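Observations on the three-dimensional arrangement
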Amino acid sequence: MRTQFPPSSAHGSPSPTDRRLSALVRHLGVGDHSASSMESQDPNPAISPSATAAFSGDSVFANIVQAPEDPILGVTVAYNKDPSPVKLNLGVGAYRTEEGKPLVLNVVRRAEQLIINDQSRVKEYLPITGMADFNKLSAKLIFGTDSPAIQENRIATVQCLSGTGSLRVGAEFLVKHYHNRTIYIPQPTWGNHPKVFTMAGLSVKSYRYYDPATRGLNFQGLLEDLGSAPSGAIVLLHACAHNPTGVDPTTEQWEHIRQLVRSKGLLPFFDSAYQGFASGSLDTDAQSVRMFVADGGECLAAQSYAKNMGLYGERVGALSIVCRTADVATRVESQLKLVIRPMYSNPPIHGASIVATIFKDRDMYTEWTIELKAMADRIISMRQQLFDALRARGTPGDWSHIVKQIGMFTFTGLNTEQVASMTKEYHIYMTSDGRISMAGLSSRTVPHLADAIHAAVTRVA
Ligand code: PLA
């Protein structure tokens, strides 16, 4: 297949500008050498892409409409286009250092060195379910090392493409093998949840979760909505550090929810994307999930290592399905393979190797927990600094929710217009629902954000 540089214009033959650029590229001998040398020797110019396009007329995709950007990842797209030196990206939940730089954990670098130096490692396909060690260790991380469900082999765990992939595989499995296809998600929730579940074929309904008046949990509304959900419905629960609100149930409230879910025969599906990021402790942040597993009932859990190990782009995560018996778990796993094989065949090696290497070495595991705690603590200190900065400015309103909320995000309460004005005037990028990623802030940028919030609150209704 011939490549061409620059590409021909959308409709037919290259424009005069394209032709001039092509000639210049050939003359300078830069760009795709094989392409330009092939071009000069091509015995059959009639099969060039430009000639074919000219022959067949309009694109078969001519009627496709331009899709909107993703509400979260699109914020980064807009941010990247802004030339302002003071711009600040608080959209996507990605950890940054005090210097505003992405962070690769030291322990991850160490693990990668070991992996690279290990000549026995090969690039063969992993099994459909992924790396066996990684799966076992991931289950231990979320369910606890002494979990009876693990000891009794009642859990089917498969390596998936980070949290999103784990949710999707779980949803695809449920559509095929579970009798109830309705999933209740909190209102609000991570913007991708309804899309992941709808695309898999589940019907999505919501339950009340957040109360804007108190900026806290609408516990009564939650109990009422789950209480009137049909028996057997699936319920999505954020294991900790609820996104976007930063509001989690207390332990007592979780116990209440557990009793309700079990008494109604609802099926809990945990999304655990922030284990360790809420409190700084991996065990504390897994308590909600462990309460549900301790009662012997069934549940699903999607884990992500994007945030807690900083492995965002490595796409490493796991889906676990906790079953009543080992026999059921074995059959569930066999069916998960049939879900995964036609989607992406089997998962990638590198990220799972990093996680497994760290988990298997006591020293590295400890180093990870220390680095994780440092990230969680920096986020907590950003909360305090932002709160103090707003108080110092006398910004109208009660901002105590900034320090009360948990995890990576603050759900500020700013409205769409206020957010738009902060982006326009202060080059601060955040999702339009008023969510800011605290992990993207630093002591240096807090005053700028506080100025922007102050201006938005005092000037924009
Ligand atoms: N679940 C929740 C609750 C999340 O917030 C996210 C990521 C995921 C799952 C999926 O993460 P993963 O596939 O990368 O493991 N939410 C981010 C990024 C951090 C995003 O939207 O993709 C966010 O900014 O909300």
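Bear in mind the structure is a predicted one, so any value in this text is a computation, not a measurement.

Parameters and conventions
- Residues numbered from 1 in each chain as written.
- Predicted model: local features only at pLDDT ≥ 70, side-chain atom pairs only at ≥ 80, totals over all residues.
- Heavy atoms only, no water.
- Helix = DSSP H or I, 4+ residues; strand = E, 2+ residues; numbered from the N terminus.
- Contact = heavy atoms within 4.5 Å.
- Phe/Tyr/Trp six-rings, centres within 6.5 Å; stacked < 30°, edge-to-face > 60°.
- Buried < 20%, exposed > 50% of the residue type's maximum accessible area, 1.4 Å probe, protein only.
- Lys NZ or Arg CZ within 6 Å of the ring centre and 35° of its normal.
- Near = heavy atom within 4 Å.
- Polar contact = N/O pair within 3.5 Å; in protein donor to acceptor, adjacent residues only side chain to side chain.
- Areas by Shrake-Rupley, 256 points an atom, 1.4 Å probe, with all protein chains shown as cover.
- Nonpolar A, V, L, I, M, F, W, Y, C, P; charged D, E, K, R; others polar.
- Domains from an automatic or database assignment.
- Pairing = 2+ DSSP bridges.
- Axes fitted to C-alpha atoms, helices over the stretch in contact; angles between N-to-C directions.
- Expected span 1.5 Å × (residues − 1).

Another point: the side chain of Thr129. Mapping Thr129 onto the fold places it in the loop between helix H5 (106-117) and helix H6 (132-143). Residues within four places of Thr129 in sequence aside, it is in contact with Asn135, Val158, Gln159, Glu333 and Lys337.

Take Arg154: it is sitting in the loop between helix H7 (148-151) and strand E2 (155-160). In this view, Arg154 contacts Pro148, Ala149, Gly296, Ile321, Val322, Cys323, Arg324, Thr325, Ala326 and Ala329; residues no more than four positions away in its chain are not counted.

Let us now look at the packing of aromatic side chains. Note on aromatic pairs: each is described by the distance of the centres and the angle between the planes. This structure, assessed with the given rule, holds 13 aromatic pairs. Aromatic pair Phe197 and Phe269: ring centres 6.1 Å apart, planes at 55 degrees, arrangement tilted. Taken together, the positions of Phe197 in helix H9 (residues 193-200) and Phe269 in strand E8 (residues 267-272) put the pair 72 residues apart, joining distant regions of the chain. Grouping residues by exposure puts Phe197 and Phe269 together as buried. Summarising the aromatic geometry, the rings of Tyr210 and Phe411 are spaced 5.1 Å apart at their centres and angled 75 degrees between planes, so their arrangement reads as edge-to-face. Placement of the pair is Tyr210 in strand E5 (residues 210-211) and Phe411 in strand E11 (residues 409-411), with a sequence separation of 201 residues. Judged by its relative accessible area of 11%, Tyr210 is buried. The class of Phe411 is buried, set by a relative accessible area of 11%. Ring pairs connect the aromatic residues Phe134, Tyr305, Phe359, Tyr365 and Trp368, which therefore count as one cluster. The positively charged end of Lys87 is found above the aromatic ring belonging to Tyr79, 4.4 Å away from the centroid. Here Arg435 stacks its cationic end above the ring of Phe409, 3.6 Å away from the centre of that ring.

What follows deals with the site of the ligand. Around the ligand sit 17 residues in total, of which Ser162, Thr164, Asp271, Tyr274 and Ser304 are the nearest. Separating an oxygen atom of the ligand from a side-chain N or O atom of Ser162 is a distance of 2.5 Å. Contact between the ligand and Asn243: an oxygen atom at 2.6 Å from a side-chain N or O atom of the residue. Starting from 530 Å² of accessible surface for the ligand in isolation, the protein chains cover 92%. A per-element tally of the shell around the ligand places helix H8 (residues 162-177) first, with three residues. The residue makeup of the shell around the ligand, split by class, is seven nonpolar, six polar and four charged. If you count residues domain by domain, the shell around the ligand takes at least three from each of domain 1 (73-104 + 365-459) and domain 2 (125-360).

Further remarks concern the sheet that holds strand E4 (residues 203-208). Pairing is mixed across the open sheet formed by seven strands, whose spatial order is E2-E10-E9-E8-E7-E3-E4. Here the strands that pair on one side only, and so sit at the sheet edges, are E2 and E4. Pairs of neighbouring strands in the sheet enclose a mean axial angle of 25 degrees, with direction left out of account. Against the sheet, H8 contacts E2, strand E7 (234-238), E8, strand E9 (299-304) and strand E10 (317-322), and its axis sits at roughly 155 degrees relative to E9. Across the face of the sheet, helix H12 (residues 287-294) comes into contact with E7, E8, E9 and E10 while running at roughly 155 degrees to E8.

A few words on H5. Along an α-helix, residues three or four positions apart point the same way, because every turn accommodates 3.6 residues. The terminal C-alpha atoms of H5 lie 17 Å apart, and with 12 residues this matches the ideal 16 Å at 1.5 Å per residue to within 8%. Buried residues along H5 sit against helix H14 (350-360) and helix H15 (362-393).

On to unusual backbone geometry. Of the consecutive residues Gln187 and Pro188, the connecting peptide bond is found in the cis state with omega at 0 degrees. Mapping Pro188 onto the fold places it in the loop between strand E3 (182-187) and H9. Positive phi outside glycine occurs at Ala241, with the angle close to 50 degrees. In this fold, Ala241 is placed in the loop between E7 and helix H11 (251-264). We note that His427 has phi near 60 degrees; this positive angle belongs to a residue other than glycine. Judged by relative accessible area, His427 falls into the partly exposed class, the value being 22%.

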